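# Remarks on the overall topology
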Amino acid sequence: MPTDRPDALPAARRPHRLAGGQPGLLAPGATTDPYRLRLYRLLRTDYPLGYDPGLGAWLLSRYADVALALTDPRFTGYPHDGAPRGRAPVPLGLCRGSLVCVPPAVPHRTAEPAVERTAYVLARRIAGRDRADLVADFCRWLPAGAAAAAAGLSYPDLSTLPRGAPHRRTGGGARDCAGATALREHALASFLANMLDDPDLLAAATAGEGAATLLGRAWAETLRRDPPVQIVLRRTRTEVAVSGGTLPADAPVACLIGAAGRDPARFGAPDRFDPLRTDADPLLIGPAGCPAALLGRLEAEHGLRALLTAMPGIRWADGFRPRAGGLLTRGPRTLLVRPS
């Protein structure tokens, strides 16, 4: 029976060690799957505080330490002092941390109809195919349509959106936050992968009383278990005591969101996708009023409903299993499905 001990992995998959034995965050293979390498687990258990010269920052991997760095006024944004500090919005989850990013910037009633319409247009395009890739054919286009809606187009014409539109920024402030859609693509792909992996959960989340609440919980659970942003940079303003020692003043700090979200000291069965968990925590989701966070949730909820309406028999393509990739940002690169 396989064991969870790191030395049970094949030699080629063991994390590269730095001086003193600490595993390197940028080790070969880590950008593919730091979870498979047990990299985050090793850091949490054996090296809760260590300096990674490849990243040029001190690493925090335990939930308690990451939560401290995200909320305590002794930490500020990195690299600039003007970035949010304390309980002000932190660039986390889908939020880019703009100081002018405020809730009224993308009115819910303006964005939602356009998101819903875009989702159904995309789903109907896929429905007649024998096989489709939801990442390329759905996840990349839905945030583009939502970004156009946030820019003031109530019903964006998808045929006029260039292929590069999903990654293009729309300007400054809140529009820039809503227009930078690459992170929302990753989050939407992870959400769809988690939902399609569980037919019972899928049925419960799209029909009957409480479906909308369950969808919201499933979206929040995706951001905990499979965050699109794995690392958030902060900086100490003074010395700060954390697990394993003391951070020096004026030091760059890498908060490993991907490790903190699966810390067994904070979350029961942390690797399991469980929207009904009783220990859910909004901290790792990011500011609720951020336009990007608002659009991300709308895209997830309406996107899934649209796919199931157009393709009630949707399932994974034969032999396909979703796999995420990336270290700084992370999400599935492909989601191959049979629409019917």
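Refer to the structure above for everything that follows.
The rules we used
Once a new chain begins, its residue numbering starts again from 1 and follows that chain's sequence as written. Only residues with pLDDT of 70 or above have their local features reported here, since the model is predicted, and side-chain atom pairs are shown and tallied only from 80 upward, although totals for entire chains, interfaces and linings are computed over all residues. The basis for the side-chain values is all heavy atoms of the structure; hydrogens and waters are excluded. Where helices are involved, their axes are fitted lines through C-alpha atoms of the stretch in contact, as for all axes, and angles between N-to-C directions lie from 0 to 180°. Under the scheme used here, helices are H or I runs from DSSP no shorter than 4 residues and strands are E runs no shorter than 2 residues, and both carry numbers assigned from the N terminus. Note that the term roughly parallel is reserved for angles under 35 degrees, roughly antiparallel for angles over 145, roughly perpendicular for angles of 65 to 115, and oblique for everything else. The sense of a crossing depends on the near helix, which, turned anticlockwise from the far helix by less than a right angle, makes the crossing left-handed and, turned clockwise, makes it right-handed. Note on contacts: a residue pair qualifies if any of its non-hydrogen atoms lie within 4.5 Å across the two residues. Gly is placed with the polar residues, together with every amino acid not listed as nonpolar (Ala, Val, Leu, Ile, Met, Phe, Trp, Tyr, Cys and Pro) or charged (Asp, Glu, Lys and Arg). Criterion used throughout: strands pair if DSSP finds at least two bridges between them. We count a salt bridge whenever a side-chain nitrogen from Lys or Arg sits within 4 Å of a carboxyl oxygen from Asp or Glu. We call a residue buried when its accessible area falls under 20% of the maximum for its residue type, exposed when it is over 50%, and partly exposed in between, using a 1.4 Å probe and counting protein chains only. Cavity and pocket criteria rest on a 1 Å grid covering protein atoms alone: a 1.4 Å probe that fits but cannot get out defines a cavity, protein on both sides within 12 Å along at least 5 of 7 lines defines an open pocket, and an atom within 4 Å of a point defines a lining residue. Grid points are joined across faces, edges and corners, and a volume is the space filled by probe spheres set on the points. By nonpolar core is meant a set of buried Ala, Val, Leu, Ile, Met, Phe, Trp, Tyr and Cys residues that side-chain atoms within 4.5 Å join together. By arc we mean the arc of the directions from the helix axis to the C-beta atoms, nothing more. Two N or O atoms form a polar contact when they lie within 3.5 Å of each other; inside protein one atom must be a possible hydrogen donor and the other a possible acceptor, and for residues adjacent in sequence the pair counts only when both atoms belong to side chains. Any two rings among Phe, Tyr and Trp, with Trp reduced to its six-membered ring, count as a pair given centres within 6.5 Å; such a pair is stacked if its planes are under 30 degrees apart, edge-to-face if over 60, and tilted if neither. By definition, being over a ring means that NZ of Lys or CZ of Arg is both within 6 Å of the ring centre and within 35 degrees of the ring normal.

## A look at the packing of helix α7 (residues 182–196) against helix α9 (residues 211–225)
Running from N to C, α7 and α9 cross one another at 115°; their axes reach a closest spacing of 9 Å. Our classification of the angle between α7 and α9 gives roughly perpendicular. Seen from above, α7 lies across α9 with right-handed handedness. Residues Ala187, Leu188, Ser190, Phe191, Asn194 and Met195 of α7 form the contact with α9, whose participating residues are Leu215, Ala218, Trp219, Thr222, Leu223 and Arg225. A breakdown of the residues in the contact of α7 with α9 according to their chemical character gives eight nonpolar, three polar and one charged.

## Focus: the sheet that holds strand β12 (residues 336–338)
Taken in spatial order, the three strands make up an open sheet running β4-β12-β9, and their pairing is antiparallel. Since the sheet does not close on itself, it has two edges, and those belong to β4 (132–133) and β9 (315–316), each with one partner. As defined by bridge partners, β4 adjoins β12 across two bridges and the pair is classed as antiparallel. Each residue of the ladder has a partner; that of Ala132, found in β12, is Val337.

## Considerations on the pattern of salt bridges
All told, the structure shown has 16 salt bridges when counted by the stated rule. Of the charged contacts in the structure, one is a salt bridge between Asp33 and Arg330, with a shortest N-O distance of 3.2 Å. Of the two residues, Asp33 sits in the segment before α1 (39–46) while Arg330 sits in the loop between β10 (324–325) and β11 (331–332), which places them 297 residues apart along the sequence. Residue Arg330 is classed as buried on the basis of its relative accessible area, which comes to 7%. Residue Arg184 pairs with Glu299 through a salt bridge whose shortest N-O separation is 2.8 Å. Of this pair, Arg184 sits in helix α7 while Glu299 sits in helix α11 (residues 291–310), placing them 115 residues apart in sequence. For the pair Arg184 and Glu299, one class covers both residues: buried.

## As for the layout of surface pockets
Of the voids in this model, the largest pocket is the one considered here, and its volume is about 780 Å³. Mapped onto the lining of the largest pocket, the elements with two or more residues apiece are α1, α7 and β11. Top contributing element to the lining of the largest pocket by residue count: α1, with five residues.

## Focus: the nonpolar core
In this structure, Leu134, Phe138, Phe191, Leu192 and Met195 are the most contacted members of the largest nonpolar core, which totals 71 residues. Leave out the neighbours within four places in its chain, and Leu134 touches Ile126, Cys139, Leu192, Leu196, Leu307, Ile314, Leu335 and Val337. Formed by 15 residues, the second largest nonpolar core is a distinct cluster that contains Tyr35, Tyr40, Leu59 and Ile231.

## Remarks on the pairing of strand β2 (residues 57–60)
Where strand β1 (residues 49–52) and β2 come together, four bridges link them in antiparallel fashion. By the bridge assignment, Gly50 is partnered in β2 with Leu59. Counted along the chain from β1 to the antiparallel partner β2, the turn is four residues long, and its residue Gly56 has a positive phi close to 70°. One ladder, built from three bridges, connects β2 with strand β8 (residues 252–256); its direction is parallel. Of the residues in β8, the one forming a bridge with Trp58 is Val253.

## Concerning helix α8 (residues 199–206)
Listed in full, the buried residues belonging to α8 are Leu201, Leu202 and Ala205. Looking straight down α8, one finds its buried side chains confined to an arc of 105°; they lie on one side. When the buried face of α8 is taken as reference, the exposed residues oriented beyond 90 degrees from it are Pro199 and Asp200. Buried-residue contacts for α8 involve α7, α9 and α11. Just downstream of α8, Gly208 is the residue with a positive phi angle, here 90°.

## Side note on the side chain of Arg262
Position of Arg262 among the secondary structure elements: in the loop between α10 (257–260) and α11. A distance of 3.0 Å separates a polar side-chain atom of Arg262 from the backbone oxygen of Arg225. Within polar-contact distance, the side chain of Arg262 engages the side chain of Asp271 at 3.3 Å. Once residues within four sequence positions are removed from consideration, Arg262 is found in contact with Tyr35, Arg44, Arg224, Arg225, Asp226, Pro270 and Asp271.

## Here's the deal with the packing of aromatic side chains
Counting across every chain of the model gives five aromatic pairs. Here the aromatic rings of Tyr35 and Tyr40 are separated by 5.2 Å at their centres, their planes lie at 85°, and the arrangement is edge-to-face. Here Tyr51 and Trp58 contribute two aromatic rings whose centre-to-centre distance is 5.5 Å and whose plane-to-plane angle is 65°, an arrangement assigned as edge-to-face. The partly exposed category is assigned to Tyr51, whose relative accessible area is 38%. Its guanidinium or amino end placed over the ring of Tyr35, Arg262 lies 3.9 Å from that ring's centre, counting from NZ or CZ. Taking NZ or CZ as reference, Arg266 lies 4.7 Å from the ring centre of Phe267, over its face.

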